[in-house]
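# Report on the structure
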Amino acid sequence: MIEVRPGVNELELMVVLDHLQKRGTQWATVMPGNDCVWVSSGSASVPINEYYIFSKGLLVDIQID
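Described in the following lines is the structure provided in the data block. (Residues numbered from 1 in each chain as written. Predicted model: local features only at pLDDT ≥ 70, side-chain atom pairs only at ≥ 80, totals over all residues. Heavy atoms only, no water.)

## Considerations on the pairing of strand β4 (residues 47-55)
Examined bridge by bridge, strand β3 (residues 37-42) and β4 share six bridges and lie antiparallel to one another. Counted as the bridge partner of V39 is E50 from β4. When β4 meets strand β5 (residues 58-64), the two strands line up antiparallel, connected through six bridges. Pairing of Y51 across the sheet is with Q63, part of β5. (Pairing = 2+ DSSP bridges. Helix = DSSP H or I, 4+ residues; strand = E, 2+ residues; numbered from the N terminus.)

## Observations concerning unusual backbone geometry
Positioned with a positive phi, D35 is a non-glycine residue whose angle comes to about 60 degrees. Summarising the element assignment, D35 is placed in the loop between β2 (28-32) and β3. Positive phi, close to 55 degrees, is recorded for K56, a residue that is not glycine. Given the relative accessible area of 84%, K56 is considered exposed. (Buried < 20%, exposed > 50% of the residue type's maximum accessible area, 1.4 Å probe, protein only.)

## Some remarks on the packing of aromatic side chains
If you walk through the whole model with that rule in mind, you get one aromatic pair. Ring centres 6.3 Å apart and planes at 25 degrees place the aromatic pair W38 and Y51 in the stacked group. Placement of W38 in strand β3 and of Y51 in strand β4 is noted, with a sequence separation of 13 residues between them. Here W38 falls in the partly exposed class, since its relative accessible area comes to 29%. Of the residues examined, Y51 reaches a relative accessible area of 21% and is grouped as partly exposed. (Phe/Tyr/Trp six-rings, centres within 6.5 Å; stacked < 30°, edge-to-face > 60°.)

As structure tokens, this is what we get:
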């Protein structure tokens, strides 16, 4: 299940969810970040944090932590 927390821009959310679906991600939390859309996935012992960065409505970068 992909949980979406309040505050995420709807158009940016559509892009992020499409990317997650194409990658086969089934479990994640999507939330507003600091000038980005933050996605947390993976297990508690090996978490993956991704930061989707948008400019003028377009995805310009994905940073993975």
